[in-house]
Amino acid sequence: MKRKLSKTQIVCIILLWVALCYQVLVNAKQIDGPTIVMLLISGGFVFIPVYKSLKKG
């Protein structure tokens, strides 16, 4: 059974995801469909476990 995430872990995960998105958007030559889809999928990978962890608590 997995332990739920602490508030500090949740904040760190979200801040790292935001920093990654910022780097991708700033350094992209053009923002096109695959870039947007990649950001949405990565958001799902980040926010679904965070939501589930908050829902347990």
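Residues numbered from 1 in each chain as written. Predicted model: local features only at pLDDT ≥ 70, side-chain atom pairs only at ≥ 80, totals over all residues. Heavy atoms only, no water.

Explain the packing of aromatic side chains to me, and be specific about the residues and the numbers.
What the rule picks out here adds up to 1 aromatic pair. Here the aromatic rings of Trp-17 and Phe-47 are separated by 5.2 Å at their centres, their planes lie at 80 degrees, and the arrangement is edge-to-face. Taken together, the residues Trp-17 in helix 1 (residues 7-27) and Phe-47 in helix 2 (residues 33-56) connect sequence positions 30 residues apart. (Phe/Tyr/Trp six-rings, centres within 6.5 Å; stacked < 30°, edge-to-face > 60°. Helix = DSSP H or I, 4+ residues; strand = E, 2+ residues; numbered from the N terminus.)

Help me get a handle on the environment of Gln-9, residues and values and all.
Here Gln-9 shows up in helix 1. Look at Gln-9 and you get partly exposed, because its relative accessible area is 37%. (Buried < 20%, exposed > 50% of the residue type's maximum accessible area, 1.4 Å probe, protein only.)

Requested: an account of helix 1, with residues and values cited.
Helix length check: helix 1 (21 residues) gives 30 Å between terminal C-alpha atoms against 30 Å at 1.5 Å per residue, within 8%. Tucked inside the fold, the buried residues of helix 1 contact helix 2. (Expected span 1.5 Å × (residues − 1). Contact = heavy atoms within 4.5 Å.)

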